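So the chains spell out like this:
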Amino acid sequence: GKAEGTAARGVFLDTLAYACDRAAERGMTALIEPLNPRDAPGYFLNRQEQAAEIIEELGRPELKIMFDVYHVQVAQGDVLRRFEALRDHVGHVQFAGAPARGRPDEGELACDRLLRGIAEAGWDQPFGAEYKPAGPTGESLGWMAAFRA
């Protein structure tokens, strides 16, 4: 019910404040990652805007969003516009093909063009690939050539 949701949110915020205190002591960033409800049913944090609201409410500069392109696409879509709107709250960008979390050159997203668009929107940090290779990882890296071009 609503009471459990409110209590869960309070515990989440208290825990994040504690994590931010520890991160600040070390000059580090704490990341929160919204997960899509198909892969993580019932997970509290499931929308990018929800993460941004929490960050704004806590007002902690060391707290940022782990913007996982795969989860954004599966849960909400409109990935590039959503990134542009939330850019100031993003601390890391990772990607995979959607809808199967496979290689970035598979599925419904043009990840090579999407990542270029994210970079053009002001992202100048590394990107992280987190996907499920069909075999040994080394044999699945052929997609990188197109991304570097």
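Read on for a plain summary of the structure. (Residues numbered from 1 in each chain as written. Predicted model: local features only at pLDDT ≥ 70, side-chain atom pairs only at ≥ 80, totals over all residues. Heavy atoms only, no water.)

### Some details on the pattern of salt bridges
Here is step 1 of the chain: Taken as a whole and judged by the stated rule, the model has eleven salt bridges.
Here is step 2 of the chain: When the shortest N-O distance is used, the salt bridge between Glu 25 and Arg 22 registers 2.9 Å. In this pair, Glu 25 and Arg 22 both sit in helix 1 (residues 2–25), three residues apart, roughly one turn of the helix.
Here is step 3 of the chain: A salt bridge links Arg 26 to Glu 25; the shortest N-O distance between them is 3.3 Å. Here the two residues Arg 26 and Glu 25 agree in accessibility, since each one is exposed.
Here is step 4 of the chain: Connected via shared salt-bridge partners are Asp 21, Arg 60 and Glu 62. (Salt bridge = Lys/Arg side-chain N within 4 Å of Asp/Glu carboxyl O. Helix = DSSP H or I, 4+ residues; strand = E, 2+ residues; numbered from the N terminus. Buried < 20%, exposed > 50% of the residue type's maximum accessible area, 1.4 Å probe, protein only.)

### Thoughts on the side chain of Asp 68
Here is step 1 of the chain: Looking at the secondary structure, you find Asp 68 in strand 2 (residues 63–68).
Here is step 2 of the chain: A distance of 2.7 Å separates the side chain of Asp 68 from the side chain of Arg 101, its partner in a polar contact.
Here is step 3 of the chain: Not counting residues up to four positions away in its chain, the partners in contact with Asp 68 are Glu 33, Gln 94, Arg 101 and Glu 130. (Polar contact = N/O pair within 3.5 Å; in protein donor to acceptor, adjacent residues only side chain to side chain. Contact = heavy atoms within 4.5 Å.)

In short, the description is geometric, and any link to function would need to be established separately.
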